[in-house]
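Topology and contacts: notes
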Amino acid sequence: MPAFYAPCPFGLEKLLADEILALNADPDLVRTAKGGVSFGGGLELGMAVCLHSRLATRVMLRVANEEYWDSRDVYSIARRTPWEKWFGPDATFRIHSSAHRCPLESLNFATLRVKDGICDRFTELAGRRPSVDRRDADVRIEAYFTFDHLSLYIDLAGESLFKRGWRLEHGEAPLKENLAAALLMLSGWTPEKTLVDPFCGSGTIAIEAASIAANVAPGLNRHFDFEHLQGFDMDLWREMKEDARAAVNKHAKLRIEAHDISSIVVEKAIENARRAGFGDMLDDGRITFTQGDARDLTAPDGSEPGVIIANPPYGEQSNPKSASIAAMMRDFASAMKANFAGWTAWLLTSDRLLPGQMRLRESRKVVLFNGPLECRFFRFDMVAGSNRRKPASEAAE
């Protein structure tokens, strides 16, 4: 039975495992590890995870997992792996290597030996070898070295799975789509609850929320590398995509209000939402992107208490005339306390001092990673008068 590994941002492993289990994976074959989930199943399961996972970064098919001692063993493992099951000598490939406690002196040399083993196998079988293309290869191979084992994988995704196919403008320090999906899941947001993002940037949280509400499979509008590998049932793949298209509900009821202080950024967010296929939701007001200062934020008219989810700036704001981030977040907290009683606010930040800066007491925090940045996803319950932190001068009295 094929074995797979799906990496994800640190902190999302359990959520990803649940997502894979929801695709009918065998629970006995699903295992979480730091930074990813391994699972077993037919090739159709690997395709389904590519199509439906909102959290995985990649899906990799394991084609070898053997003990090694030195670079000669590395070459032998690569040479006896049946690469011809998946691609032929006319394909191009590239290899990326990573390691944990690898005893070999040079990881680059070990990678070269993997390449030599692949090429020599095809030369022996077909009389010619595939070419290496480091920029736009047909097949991406991952070699992972531990202290005594080498695992070889074929990447089924190609481009990272968080790339849904709609983003052109990344803006400043963009929030990746799979992390945005995780924030929505961790917050307990559902489409029945009004969602407000006061620092929307390129619109990632709002667009991901619309995708969840409309049941749009995250991989529906993009290409995957497995589509030109051998051994995958392309008729079944077309059926899977047709089923996913039929499940889309663009008439889903929801209310999302997103704001940013920059009108230019707001325009880019609107363009992103339209490219993602949510023009109808923009036109009928189910999703709105507006220019506005988070410090002046008010609750949507006529809305029941909902959820605020945001990825506020981590350092000084781009505008040199603006107040410091700490002062700005304190004013933003005042706006929430004044105008959002009964709401729940979730803020992702690398600044562990954020609750103190906002003079709020968090009710929960989750450790997550936004790229290399270790962050906290803080929950604040906006119950009037119950969550204010006293300044140190008052607490001492």
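Figured I'd write up the structure that's included with this text. Here the structure is a predicted model, which means the values were calculated and not measured. (Residues numbered from 1 in each chain as written. Predicted model: local features only at pLDDT ≥ 70, side-chain atom pairs only at ≥ 80, totals over all residues. Heavy atoms only, no water.)

1. Structural notes on helix 6 (residues 204-213)
With nine of its 10 residues buried, helix 6 lies for the most part within the structure. Turning to helix 6, its buried residues number three or more, namely Thr204, Ile205, Ala206, Ile207, Glu208, Ala209, Ala210, Ser211 and Ala213. Asn215, located one to two residues past helix 6, shows a positive phi value of around 60°. (Buried < 20%, exposed > 50% of the residue type's maximum accessible area, 1.4 Å probe, protein only. Helix = DSSP H or I, 4+ residues; strand = E, 2+ residues; numbered from the N terminus.)

2. What to know about the packing of helix 3 (residues 71-80) against helix 4 (residues 107-126)
As a packed pair, helix 3 and helix 4 sit with axes 7 Å apart at the nearest point and diverge in direction by 35°. The element helix 3 and its partner helix 4 pack so that their crossing is right-handed. Residues Ser71, Val74, Tyr75, Ala78, Arg79 and Arg80 of helix 3 form the contact with helix 4, whose own contacting residues are Phe109, Ala110, Arg113, Val114, Asp116, Gly117, Ile118, Asp120, Arg121 and Glu124. (Axes fitted to C-alpha atoms, helices over the stretch in contact; angles between N-to-C directions. Left-handed = near helix turned anticlockwise from the far one by under 90°. Contact = heavy atoms within 4.5 Å.)

3. Focus on the pairing of strand 5 (residues 92-99)
Bridging between strand 5 and strand 6 (residues 131-132) involves two bridges; their strand directions are parallel. Within strand 6, the residue paired with Phe93 across the bridge is Val132. In this region the chain leaves strand 5, passes through helix 4 and returns to the parallel neighbour strand 6; the handedness of that crossover is right-handed. (Pairing = 2+ DSSP bridges. Right-handed = clockwise from strand over helix to strand, strands pointing away.)

4. Let's talk about the sheet that holds strand 2 (residues 31-33)
Taken together, the eight strands give an open sheet; going across it, the order is 2-3-1-4-8-7-5-6, and neighbouring strands pair in mixed fashion. Here the strands that pair on one side only, and so sit at the sheet edges, are strand 2 and strand 6. Sheet topology note: the strand 2/strand 3 (residues 36-40) ladder contains three bridges and is antiparallel. Across the sheet, Arg31 pairs through a bridge with Ser38, a residue of strand 3. Seen against the sheet, helix 1 (residues 13-21) touches strand 1 (3-7), strand 2 and strand 3 and runs at an angle of roughly 25° to strand 3. Sheet strands touched by helix 4: strand 5, strand 6, strand 7 (139-145) and strand 8 (149-155). Its angle to strand 5, the strand with the most contacts, is close to 145°.

5. Brief notes about the side chain of Ser53
Take Ser53: it is sitting in the loop between helix 2 (43-52) and strand 4 (60-67). Here Leu55 takes part through its backbone nitrogen, which lies 3.3 Å from a polar atom of the side chain of Ser53. Separated by 3.0 Å, the side chain of Ser53 and the backbone nitrogen of Ala56 make a polar contact. Ignoring sequence-local partners within four residues, the contact set of Ser53 consists of Leu16, Glu19, Ala48, Arg164 and Pro218. (Polar contact = N/O pair within 3.5 Å; in protein donor to acceptor, adjacent residues only side chain to side chain.)

6. Some details on the sheet that holds strand 11 (residues 287-291)
As summarised here, the arrangement of the seven strands in space is 11-10-9-12-13-15-14, forming an open sheet in which the pairing is mixed. Only two strands of the sheet have a single partner each, and these edge strands are strand 11 and strand 14 (364-370). On average, each strand axis in the sheet is inclined to that of its neighbour by 20°, with strand direction left out of account. Where helix 5 (residues 177-187) meets the sheet, it contacts strand 9 (195-197), strand 12 (307-310), strand 13 (344-349), strand 14 and strand 15 (373-381), and its direction lies at approximately 170° from that of strand 14.

7. Looking at the nonpolar core
Proteins that are soluble and globular tend to have nonpolar side chains buried together. Phe87, Leu152, Phe289 and Ile309 are the most contacted members of the largest nonpolar core, which has 99 residues in total. With near-sequence residues (within four places) excluded, Phe289 lies in contact with Cys200, Gly203, Ala206, Ala258, Val266, Ala269, Ile270, Ala273 and Leu282. Membership of the second largest hydrophobic core comes to 22 residues, among which are Met328, Met329, Ala333 and Trp343. (Core = buried A, V, L, I, M, F, W, Y, C linked by side-chain atoms within 4.5 Å.)

8. Looking at the packing of aromatic side chains
Per the stated rule, a full pass over the model turns up 15 aromatic pairs. Note on Phe199 and Phe332: the rings are 5.2 Å apart at their centroids and 80° apart in plane angle, and the pair reads as edge-to-face. In this pair, Phe199 is assigned in the loop between strand 9 and helix 6 and Phe332 in helix 10 (residues 325-339), connecting sequence segments 133 residues apart. There is no split in this pair, since Phe199 and Phe332 are both buried. (Phe/Tyr/Trp six-rings, centres within 6.5 Å; stacked < 30°, edge-to-face > 60°.)

Geometric values such as these leave the question of function open.
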